[in-house]
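# What the coordinates show
Below are the chains, spelled out letter by letter.
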Amino acid sequence: MSAGRWIDRARPVRDGEELDAGRLAGWLAERLPELAGPVEVEQFPSGFSNLTYLVRAGERELVLRRPPFGAAVEGGHDMSREHRILAALEGFYPKAPAPLARCDDAGVLGAPFYLMERVRGVILRPRMPAEMRPAPATMAAIADGFVETLVELHAVDYRAAGLGGLGRPEGYVRRQIEGWRKRWARARTDDVPAMEQVGEWLAGDRPADGEPALIHNDFKYDNLVLDPDDWSRVKAVLDWEMATLGDPLLDLGTSLGYWLEAGDPPAMRALELSPTTLPGNPTRRELVERYSAASGREVPRPVFCYAYGLYKIAVIVQQIYARWRQGHTSDPRFAGLLEGVRACAGAAWQAIQKGRIDRLYDC
């Protein structure tokens with residue numbers, strides 16, 4: 001198999017999410033004059049939040065990030081903040097792509113945006129072709145690389161990188177739960193009783209804050225760029241929009257929320273959160289054990305971490321579904337997301353009731 005065959009590629013821009021290539025070319029000519037030549041724009045098709053485009057300027061390839069059209073999510077989609085994090089991580093975390101330029105003027109493309117280097121590599125997405133799916137031994141090695149990369153991220157000296165003011169670690173767990181419950185209340189379009197049950201349980205049984213670390217907050221397979229010659233080696237970590245300082249075990253919890261198993265409900269698997277059901281992947285319990293061994297951190301309450309991750313993902317999915325209901329996007333992927341919200345909430349409540357994070361639907 002050719003090493004470059006499965007390198008992630010962009011596609012034509014989705015209807016309603018086009019960028020004005022002419023205005024972008026004019027801005028680039030002023031800010032990055034070394035990028036000579038015509039400007040072409042394509043779009044990376046995955047992802048439900050910030051929009052990601054491939055920009056070709058002459059012979060250079062760049063990646064442009066901008067908020068989704070119609071988004072009004074409090075505290076999210078801050079291009080300046082995301083750019084600042086990447087700039088600070090240069091020299092401290094080599095798996096963060098290098099930022100190139102930022103535009104805070106919404107008059108150029110309708111919203112602030114920034115540009116970063118393109119890291120060419122393989123991205124494992126849920127709907128990969130059958131012939132692309134890694135063999136079980138390769139998948140197991142990729143999972144090891146996943147854990148290793150998360151542990152490396154949590155070990156970054158964020159103070160030395162100048163990110164000591166990025167967040168407020170004290171009270172992080174409480175604020176996260178309160179914040180996600182408020183976002184759910186604002187975005188709710190339908191009754192989902194399990195969301196209310198899980199939200200109340202999280203608020204009433206939250207642990208104390210752990211030692212703070214730089215956390216990604218959306219760490220999953222399709223935010224990792226793998227080396228085309230060695231898929232177990234992670235070249236880059238993408239999508240830093242929710243990165244902050246906080247409890248690393250909640251970061252692990254988000255990853256657990258994305259970590260589907262073959263026995264999970266069909267409606268949950270239909271969300272296609274991550275290709276973790278492929279043979280060779282560890283179970284959620286095994287993932288926790290590997291993270292704990294590699295990081296030296298105990299994970300005393302994996303059920304809380306998992307339920308938190310699912311609740312957070314459900315809220316994010318609901319926010320996207322609400323934008324679709326309001327007509328801010330016509331992306332057909334969003335029409336059935338409410339069932340995914342229900343499935344995530346149901347799985348979280350099942351984990352709470354059974355006191356475990358895997359084999360939730362065994363008899």
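Scope of this entry: the structure provided in the associated data block. (Residues numbered from 1 in each chain as written. Predicted model: local features only at pLDDT ≥ 70, side-chain atom pairs only at ≥ 80, totals over all residues. Heavy atoms only, no water.)

## What about the overall build of the protein?
The condition that has to hold: What counts as a helix is a DSSP run of H or I of at least four residues, what counts as a strand is a run of E of at least two, and both are numbered from the N terminus. Computation of the radius of gyration draws on C-alpha atoms alone. For the globule rule, the value is 2.2 Å times the number of residues to the power 0.38. Three labels apply to residues, based on accessible area from a 1.4 Å probe with only protein chains included: buried if under 20% of the type maximum, exposed if over 50%, partly exposed otherwise in between. Residues count as neighbours in contact if any of their non-hydrogen atoms are within 4.5 Å of one another. Areas reported here follow the Shrake-Rupley algorithm with a probe of radius 1.4 Å; residue values treat only the protein chains shown as occluding.
A count of helices and strands for the protein gives eleven helices and nine strands. Against the 2.2 N^0.38 benchmark of 21 Å for 363 residues, the protein shows a C-alpha radius of gyration of 20 Å, consistent with a compact globule. Residues counted as buried form 53% of the 363 residues belonging to the protein. Put simply, 72% of the contacts in the protein that link residues at least 6 apart link residues at least 24 apart. Element-wise, carbon and sulfur atoms account for 49% of the exposed surface of the protein, whose accessible area totals about 15600 Å².

## Describing the side chain of Thr 244
Relative to the elements of secondary structure, Thr 244 occurs in strand E9 (residues 244-246). With near-sequence residues (within four places) excluded, Thr 244 lies in contact with Arg 81, Leu 166, Gly 167, Tyr 172, Ala 213, Leu 214, Ile 215 and Asn 217.

## Focus: the pairing of strand E3 (residues 60-66)
Both faces of the sheet carry side chains from a regular strand, because those side chains alternate between them. As a reminder of what qualifies: At least two bridges found by DSSP between two strands is the condition for calling them paired.
Burial runs high along E3: five of the seven residues are buried. Both strand E2 (residues 51-57) and E3 contribute to a ladder of seven bridges, which runs antiparallel. By the bridge assignment for E3, Val 55 is matched with Leu 62. Taken together, E2 and the strand that follows it, E3, pair antiparallel across an intervening segment of two residues, in which Gly 58 is found at a positive phi of about 65 degrees. When E3 meets strand E5 (residues 113-117), the two strands line up antiparallel, connected through four bridges. When the bridges of E5 are listed, Arg 65 appears paired with Tyr 114.

## Here's the deal with helix H2 (residues 79-89)
Residues separated by three or four positions in an α-helix point in the same direction, a consequence of the helix having 3.6 residues per turn. Formally: Pairs of N or O atoms are called polar contacts if they sit within 3.5 Å, as long as, within protein, a hydrogen donor faces a hydrogen acceptor (for residues adjacent in sequence, only side-chain-to-side-chain pairs).
Listed in full, the buried residues belonging to H2 are Met 79, Glu 82, His 83, Ile 85, Leu 86, Ala 88 and Leu 89. The secondary structure elements touched by the buried residues of H2 are E3, strand E4 (99-103), E5 and strand E6 (213-215). One side-chain oxygen of the residue at the start of H2 lies 3.2 Å from the amide nitrogen of Ser 80, identifying that residue as Asp 78. Trailing H2 by a residue or two, Gly 91 shows a phi angle of about 90 degrees, which is positive.

## Quick word on the nonpolar core
To keep it simple, the criterion reads: The criterion is simple. A nonpolar core is a set of buried Ala, Val, Leu, Ile, Met, Phe, Trp, Tyr and Cys residues joined through side-chain atoms within 4.5 Å.
Membership of the largest hydrophobic core comes to 96 residues, with the highest contact counts inside it found for Leu 89, Leu 124, Met 195, Leu 214, Trp 240 and Tyr 306. Looking at this core, the element that brings in the most residues is helix H10 (residues 302-325), giving 15 residues. Apart from residues no more than four positions distant in its own chain, Leu 124 is found in contact with Met 132, Pro 134, Met 139, Ile 142, Tyr 221, Asp 222, Leu 226, Trp 231 and Pro 275.

## Things to note about the pattern of salt bridges
For the record, the criterion: By definition here, a salt bridge exists when the distance from a side-chain nitrogen of Lys or Arg to a carboxyl oxygen of Asp or Glu is within 4 Å.
A full pass over the atoms with the stated rule returns 25 salt bridges. Here Arg 102 and Asp 104 are joined by a salt bridge, their closest N and O atoms 3.1 Å apart. We note a salt bridge from Asp 264 to Arg 284, for which the minimum N-O separation is 2.9 Å. On the criterion of sequence distance, the pair formed by Asp 264 in the loop between helix H7 (248-258) and helix H8 (266-269) and Arg 284 in helix H9 (residues 284-295) is long-range, its members being 20 residues apart. Residue classification places Asp 264 among the buried positions, given a relative accessible area of 3%. Through salt bridges with shared partners, a single network forms among Glu 42, Arg 56, Glu 61, Arg 118 and Arg 120.

## So, unusual backbone geometry
A positive phi angle, near 50 degrees, is found at Glu 272, a position not held by glycine. With respect to the helices and strands, the residue Glu 272 is situated in the loop between H8 and H9. In this structure, Arg 359 is a non-glycine residue whose phi angle is positive, near 55 degrees. Relative accessible area serves as the criterion here: at 47%, Arg 359 is assigned to the partly exposed category.

## So, the side chain of Asn 217
Along the chain, Asn 217 falls in the loop between E6 and strand E7 (224-227). When its relative accessible area of 4% is taken as the criterion, Asn 217 is described as buried. Reaching out from Asn 217, the side chain makes a polar contact with the backbone oxygen of Met 242 at a distance of 2.9 Å.

## Let's talk about helix H6 (residues 193-204)
Stated precisely, the cut-off is as follows: Each helix should span, by expectation, one fewer than its residue count multiplied by 1.5 Å. Directions from the helix axis toward the C-beta atoms define the arc.
A rise of 1.5 Å per residue sets the reference length of H6, with its twelve residues, at 16 Å; its end C-alpha atoms lie 17 Å apart and thus fit the reference within 8%. What H6 keeps buried is the set Ala 194, Met 195, Val 198, Gly 199 and Leu 202. The arc enclosing the buried residues of H6, seen along the axis, measures out at 130 degrees, which places them on a common side. Structural note: H6 exposes Pro 193, Glu 200 and Gly 204 on the side pointing more than 90 degrees away from its buried face. In the core, the buried residues of H6 are packed alongside helix H5 (172-187), H10 and helix H11 (337-354).

## Points about the state of the cysteines
Two cysteines joined by a covalent bond between their sulfur atoms form a disulfide. As a reminder of what qualifies: Note on disulfides: each one is a pair of cysteine sulfur atoms within 2.5 Å.
A complete count under the given rule lists zero disulfides for this structure. No disulfide involves Cys 344; its sulfur sits 16 Å from the nearest other cysteine sulfur, which is in Cys 305.

## A short note on the packing of H7 against H9
The criterion, for reference: For every element, the axis is a line fit to its C-alpha atoms; helices are fit only across the contacting stretch, and the angle between N-to-C directions ranges from 0 to 180 degrees. Any angle from 65 to 115 degrees is called roughly perpendicular, while one under 35 is roughly parallel, one over 145 is roughly antiparallel, and all others are oblique. Crossings are sorted by hand: turned counterclockwise from the far helix by less than a right angle, the near helix makes the crossing left-handed, and turned clockwise it makes it right-handed. Each residue receives one of three labels: charged for Asp, Glu, Lys and Arg, nonpolar for Ala, Val, Leu, Ile, Met, Phe, Trp, Tyr, Cys and Pro, and polar for the others, Gly being one of them.
Across the interface, H7 lies against H9 with an axial gap of 11 Å and an inter-helix angle of 150 degrees. What the angle tells us is that H7 and H9 run roughly antiparallel. Here H7 runs over H9; the crossing is right-handed. Where H7 approaches H9, its residues Pro 248, Leu 249, Leu 252 and Leu 256 are matched on the opposing element by Arg 284, Leu 287, Val 288 and Tyr 291. Residue composition of the contact of H7 with H9, grouped by class: seven nonpolar, no polar and one charged.

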